[in-house]
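# A look at the structure
As a plain string of letters, each chain reads:
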Amino acid sequence: MGFARACSVALVGVEGVVVEVQADLEPGVAAFTLVGLPDKSLVESRDRVRAAVVNSGAEWPQKKLTVGLSPASVPKSGSGFDLAVACAVLGAAERIDPATIADVVMIGELGLDGRVRPVRGVLPAVLAAAEAGYEQVVVPEQSAGEAALVPGVSVLGVRSLRQLIAVLCDEPVPDEPADDQGRPDAMLAGLMIPGTGLGAGLAPTAARGDAHRPDLADVAGQPRPRQALEVAAAGGHHLLFSGPPGAGKTMLAERLSAILPPLTRQESLEVTAVHSVAGILPPGEPLVSRAPYCAPHHSATMQSLVGGGNGMPRPGAVSLAHRGVLFLDEAPEFSGKALDALRQPLESGHVVVARAAGVVRLPARFLMVLAANPCPCGRHTLTGAGCECPPSVVRRYQARLSGPLLDRVDLRVEVEPVDRADLLGQGDRGESTAVVAARVREARARAAQRLAGTPWTTNSEVPGHELRTRLLAAPGALAAAERDLERGMLTARGLDRVLRVAWTVADLRGADRPDASDVAVALELRTGIQRGVPMGAGER
């Protein structure tokens, strides 16, 4: 009887579970049995592995073969177990020393000719292996850069099963010919999910050079929405743009991710792990360093927004926008169930999706931007524009954004139509993205210094109790906010969010703590009621 084991990783959402792949050979009729809750693609690995082993020059054992995936209670899916299954079988057949593969984690799909093909989710899989104490990982050659992002792990990138057998047996490593360079690499096809390429609303500027990225200076006029955009970026506050069509709501939202600070190392790993599992990680760019941007269509379902799908839930738009921007254009056109499903991730920074196959916790700390028209025709707020929507239709249209959802939005700004002077370039040209981004970085640095030693990094994450007990505003600064609370214009959550915005305005101004003018600016940004204060949040 021959026995050998290797290790691989099963992904549950964006978290990994180390799986021990055990192979057992017994005398009897030649058969191949795979146990341990495999899905359809994993069951088919029996034929893939057999063909790959034979075509790699090794002998397939003509005995009763049982391959077990332990722990058996965890559902396994995908083709990333092929490499571990093949090595475990070869170890049981004594083609490979079983001791050399016992503590090696192997991730990769096998082609029928023995080539090792890349799979999605390599980064979270290697992270799970490192946390479990494993130090050696074998991955496809194309995914070696992604796996090498995890410190403390020795990564071996292989092109074929023949190369891996030679390395494990201390034999000369064969030179595998590369594919033709004049065509796209077919091996990378498994990394991308169909429909997530260019034009899918996931990263509209990812394929462009920095010289062609949208700039804030391209936006004509709109000083108040531009200041609100800066405050949102500096403090991580959610934002609502309302106004007629063509006023520039979408242009402003598309430029928000460019003024956000670059991601930290930990944030980059979080975002890269989510994008790797979702199949939208650009080939050749193993680490995402810029804030992501996701703009789903208004016909998106609740499952596509928060996560779901057949079997184990997959990341939705809120997870794809983790540490970045989630832009919902034509927000009232989204279904009410889809919008209300955003309440939990807006508060907690993660989403818990429960399905029959299991419960998955997905990261979802994003900056939400809503864009809405005042009525179905969009001309309700324009003088002399001929809006024919009845008042009941206007009220019903505006009520599609529920009160509990809007209560979680810190900034609500009316975007006015652009006048002729600004549109034709006769007015003052607004600040560029680089200038605003520098000011945002300074404000975030002040907030990070103030919040050092706490689990929070931006003002939008600080709990209200901390704002009222430890991070106190100037004496008398909250008088106007307290009056609005007594009049019913603010909820308790709304008062906390006004305080957070006031701290952000003070950080942009370079002040040590917010005063009455900062609170007045925050109240104006939240309620839309003029308070008679200047909106120059960045002025010192």
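Residues numbered from 1 in each chain as written. Predicted model: local features only at pLDDT ≥ 70, side-chain atom pairs only at ≥ 80, totals over all residues. Heavy atoms only, no water.

## A few points about the overall build of the chain
The following threshold applies: Under the scheme used here, helices are H or I runs from DSSP no shorter than 4 residues and strands are E runs no shorter than 2 residues, and both carry numbers assigned from the N terminus. When a residue's accessible area, from a 1.4 Å probe over protein chains only, is under 20% of the maximum for its type it is buried; when over 50% it is exposed; and in between it is partly exposed. Every residue pair with non-hydrogen atoms within 4.5 Å of one another is taken to be in contact. Residue-level accessible areas treat just the shown protein chains as cover; the underlying method is Shrake-Rupley with a 1.4 Å probe.
Secondary structure assignment for the chain yields 23 helices and 16 strands. For the chain, with 540 residues in total, the buried portion stands at 50%. Residue pairs at least 24 apart in sequence account for 72% of intrachain contacts in the chain once pairs closer than 6 positions are excluded. Total accessible area on the chain stands at roughly 23900 Å², and carbon and sulfur atoms take up 52% of it.

## A look at a nonpolar patch on the surface
The cut-off we apply is this: Like charges are joined within 9 Å and nonpolar side chains (Val, Leu, Ile, Met, Phe, Trp, Tyr) within 5 Å, but only among residues with over 30% relative accessible area and no salt bridge; these make up the patches. Every case where a carboxyl oxygen of Asp or Glu lies within 4 Å of a side-chain nitrogen of Lys or Arg is listed as a salt bridge.
Nonpolar side chains collect at one region of the surface, where L156, V167 and V173 lie side by side and expose about 210 Å² of accessible area between them. Take L156: it is sitting in strand β9 (residues 154–158).

## Thoughts on the sheet that holds strand β15 (residues 367–372)
Test applied: Pairing between strands is defined by DSSP: at least two bridges between them are needed.
Across the sheet, which stays open at both edges, the 5 strands sit in the order β11-β12-β15-β10-β16 with parallel pairing between neighbours. In the strand order of this sheet, the two ends are held by β11 (293–294) and β16 (411–414), each with one partner. Pairing of strand β10 (residues 239–242) with β16, which is carried by 4 bridges, proceeds in the parallel orientation. What sits directly across from F241, in β16, is V413.

## Digging into the packing of aromatic side chains
In plain terms, the rule: Centres within 6.5 Å are what make two rings of Phe, Tyr or Trp a pair, Trp counting through its six-membered ring; a difference in plane orientation under 30 degrees is then read as stacked, over 60 as edge-to-face, and the rest as tilted.
Here the structure, examined in full by the defined rule, presents 1 aromatic pair. Aromatic side chains F32 and W60 sit 5.7 Å apart centroid to centroid with 40° between the ring planes, which places their arrangement in the tilted category. Taken together, the residues F32 in strand β3 (residues 31–35) and W60 in the loop between α2 (45–55) and β4 (64–70) connect sequence positions 28 residues apart. W60 gets classed as buried once you look at its relative accessible area, which sits at 10%.

## Examining the pairing of β15
Burial analysis of β15 places 6 of its 6 residues in the buried class, the great majority of the element. Residues of β15 alternate between two faces, with L367, V369 and A371 on one and M368, L370 and A372 on the opposite face, all of them buried. Taken together, the 4 bridges between β10 and β15 define a ladder with parallel strand orientation. In the strand pairing of β15, S242 is matched with A372. As paired elements, strand β12 (residues 325–328) and β15 share 4 bridges and run parallel to each other. In the sheet register, L328 faces β15, and the bridge partner there is L370.

## Remarks on the nonpolar core
Note the cut-off: Only buried residues count toward a nonpolar core, which is a set of Ala, Val, Leu, Ile, Met, Phe, Trp, Tyr and Cys residues joined through side-chain atoms within 4.5 Å.
Counting residues in each nonpolar core, the largest one holds 46 residues, and the members touching the most others are L229, L239, F241, L256, I259, V369 and L525. The contact partners of V369, leaving out residues within four places of it in the chain, are L239, F241, A253, L256, V325, L326, F327 and L328. Membership of the second largest hydrophobic core comes to 40 residues, among which are A6, A10, V49 and W60.

## What about the packing of helix α22 (residues 492–509) against helix α23 (residues 516–527)?
To characterise two packed helices, one gives the angle between the axes of the helices and the distance between these axes. Short version of the rule: To get an axis, a line is fitted to the C-alpha atoms, and for a helix only the part in contact is used. The angle between two axes follows their N-to-C directions and goes from 0 to 180 degrees. Every angle not falling under 35 degrees, over 145, or within 65 to 115 is termed oblique; those three ranges are roughly parallel, roughly antiparallel and roughly perpendicular. Crossing chirality is assigned from the near helix's rotation relative to the far helix, an anticlockwise turn below a right angle marking it left-handed and a clockwise turn marking it right-handed. Classification convention: Asp, Glu, Lys, Arg as charged; Ala, Val, Leu, Ile, Met, Phe, Trp, Tyr, Cys, Pro as nonpolar; all other residues, Gly among them, as polar.
For the pair α22 and α23, the least separation of the axes is 8 Å and the interaxial angle reads 125°. Relative to α23, the element α22 is oriented oblique. Viewed along their axes, α22 and α23 form a crossing whose handedness is right-handed. Mapping the contact onto sequence places G494, R497, V498, V501, A502, V505, A506 and R509 in α22 and D518, V519, V521, A522, L523, L525 and R526 in α23. Split by residue class, the contact of α22 with α23 holds 10 nonpolar, 1 polar and 4 charged.

## Regarding the confidence of the model for the chain
Test applied: On a range of 0 to 100, pLDDT expresses the predictor's confidence in each residue.
The share of residues in the chain with pLDDT of 70 or more is 89%, and the mean pLDDT across the chain is 87. The model gives residues 203–208 a pLDDT under 50, and that stretch makes 6 contacts with residues more than four places away or in other chains.

## A few points about α23
Heads up, the condition is: Each helix should span, by expectation, one fewer than its residue count multiplied by 1.5 Å.
In a regular helix each residue adds 1.5 Å, so 12 residues correspond to 16 Å; α23 covers 16 Å between its end C-alpha atoms and thus fits that length. Every buried residue belonging to α23 is among D518, V519, A520, V521, A522, L523, E524, L525 and R526, and all of these are buried. Tucked inside the fold, the buried residues of α23 contact α8 (223–235), α17 (403–406), β16, α21 (479–486) and α22. Backbone geometry just after α23 places G528 at a positive phi near 80°.

## Digging into the side chain of H237
This is how it is decided: Contacts described as polar in this section are N or O atom pairs within 3.5 Å, which, within protein, must combine one atom able to donate a hydrogen with one able to accept it, while residues neighboring in sequence count only if both atoms come from side chains.
Position of H237 among the secondary structure elements: in the loop between α8 and β10. Here the side chain of H237 touches D410 through a polar contact of 2.9 Å, side chain to side chain. Discounting residues that sit within four places of it in the chain, H237 has contacts with V231, A232, L367, D410, L411, N459, S460, R500, V501 and T504.

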